[in-house]
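# Survey of secondary and tertiary structure
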Amino acid sequence: MRKIAMAVVAGAILSGSLATAQTATAAQVTHDPNVTVYTQAPRPTVQGLDCAGGTGAMGCGPGWFWRDGWRGFACYPC
Amino acid sequence: MNRPLIAIGGMTAAALLMAGMTIGGSSRAAAQPDDYSAIPVSPNVITDSTAYTAAAPMINPNGQPGVTTVYTHRDDTRQITNTILVLPDPQAATNAISEIRSGLGDRVSNGRTQPAAVGTGGTVVTGTSPDGTKSVSVLLFTEGNAAGSIEFEGPKNDSVPLDLVVDYGQKQDTAIKDSLTT
């Protein structure tokens, strides 16, 4: 009787571990050491041009340019 | 032996007293009420601080009590003529501005008038010189018994920005208040 009980318990343990085991699916990716990983290309930066076609002298920025005007040397709109 | 020392001391004191009177006298002369040469504000206060050079102030321009100072830009294409008239009362200042405005046709063609937040009744007339070769803007305002007329003359395609006119005019207005109330 004791052997029967032990066999039942062992069977239950075994079936439980099998039931919770992971199952392979079609989408599963297998580890392949030859797979090449591509890094994301750097995003292109957009630099606005000033009215002279440059990138803005003295930090004036797009739409402005550096010259000697009514306020002396300063950034003036195009 | 003590008498020469006393005499020297007395002479020194007298000399110092006279020097003090002379210095005091000259300082009073410099502050004569009809010397307005210190009233005009240099436009360099609103620029990179070296853009304009002032000519010698003209006291009592056209026989009127006041001062005119001409500021010339280092590139020699821009000029600011700042005239402050100090008249007996505010009504006389208003009349002077009306007279200047009525004569602006000789200095500004195709003038466009817009209000400016400077002093009392501040206005800016913007156009070109009669020969069409330059831009001309004239700021007119009164402050108490003072009449201000500031003319900005520059390249035809680069008239003075309105914000600079207002900025400079407000600083001039403040200088008038400070000068005429002390």
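So, how was this worked out
- Residue positions are given per chain, counting from 1 as you read along its sequence in written order.
- The order in which chains are written sets their letters, starting at A; the order in which ligands are written sets their numbers, starting at 1.
- Whole-chain, interface and lining totals are the exception, using all residues; otherwise, since this is a predicted model, local features are given only for residues with pLDDT of at least 70 and side-chain atom pairs are given and counted only at 80 or more.
- Side-chain metrics in this entry use all non-hydrogen atoms of the structure; hydrogen atoms and water are not considered.
- A run of DSSP states H or I qualifies as a helix once it reaches four residues; a run of E qualifies as a strand once it reaches two. Both are numbered from the N-terminal end.
- Expected span of a helix: the number of residues minus one, times 1.5 Å.
- To sort residues, take the accessible area from a 1.4 Å probe on protein chains only and compare it with the maximum for the residue type: under 20% means buried, over 50% means exposed, and anything in between is partly exposed.
- Arc, as used here, means the arc of the directions from the helix axis to the C-beta atoms.
- Contacts: residue pairs with any heavy atoms within 4.5 Å of one another.
- Two N or O atoms count as a polar contact when they lie within 3.5 Å, although within protein this holds only if one can serve as hydrogen donor and the other as acceptor, and sequence-adjacent residues are included solely when both atoms are side-chain atoms.
- For patch building, the residue pool is restricted to those with more than 30% relative accessible area and no salt bridge; the joining distance is 9 Å between like charges and 5 Å between nonpolar side chains (Val, Leu, Ile, Met, Phe, Trp, Tyr).
- For the area figures, the Shrake-Rupley method with a 1.4 Å probe applies, and any residue is considered shielded solely by the protein chains shown.
- Salt bridges are identified by distance alone: a Lys or Arg side-chain nitrogen within 4 Å of an Asp or Glu carboxyl oxygen.
- Two parts placed together each lose some accessible area; with a 1.4 Å probe, that loss summed over both constitutes the buried area.
- Here, a disulfide means two cysteine sulfur atoms that sit within 2.5 Å of each other.

Each α-helix turn comprises 3.6 residues. Residues three or four places apart therefore point the same way. All names here are of chain B. Here helix α2 (residues 90–102) is 13 residues long and its end C-alpha atoms lie 18 Å apart, about the 18 Å a rise of 1.5 Å per residue gives. Three or more residues of α2 are buried, namely Ala 93, Ala 96 and Ile 97. Looking straight down α2, one finds that the buried residues subtend no more than 100 degrees of arc, so they occupy a single side. Projecting away from the buried face of α2 at angles above 90 degrees are the exposed residues Glu 99 and Ser 102. Of the surrounding secondary structure, the elements contacted by the buried residues of α2 are β4 (79–86), β7 (134–143) and β8 (146–155). Its side-chain oxygen 3.1 Å from the backbone nitrogen of Gln 91, Asp 89 forms the N-cap of α2.

Moving on, we come to a nonpolar patch on the surface. A surface patch of nonpolar side chains, amounting to about 320 Å² of accessible area, comprises Met58(A), Trp66(A) and Phe73(A). The partly exposed category is assigned to Trp66(A), whose relative accessible area is 33%.

At the interface, 21 residues of chain B touch 7 residues of chain A. Buried area between chain B and chain A, summed over both chains or domains, comes out near 1,000 Å², and the portion from carbon and sulfur atoms is 48%. On the chain B side of the contact with chain A, Arg74(B), Arg78(B) and Leu164(B) bury the most area, a combined 33% of that side's loss. With a shortest N-O distance of 3.2 Å, Arg67(A) and Asp158(B) are connected by a salt bridge. The interface formed by chain B and chain A includes 10 residue pairs in polar contact (both at pLDDT 80 or more).

This part is about the state of the cysteines. All names here are of chain A. Summed over the entire model, instances satisfying the criterion amount to 1 disulfide over all chains. Note on cysteine connectivity: Cys 60 is disulfide-linked to Cys 75, with sulfurs 2.1 Å apart. The S-S bond linking Cys 60 to Cys 75 shows a torsion near -85 degrees; that makes this disulfide left-handed. With Cys 60 in the loop between α1 (2–19) and β1 (64–69) and Cys 75 in strand β2 (residues 72–77), the pair connects residues that are 15 residues apart, well separated along the chain. Residue classification places Cys 60 among the buried residues on the basis of a relative accessible area of 12%.

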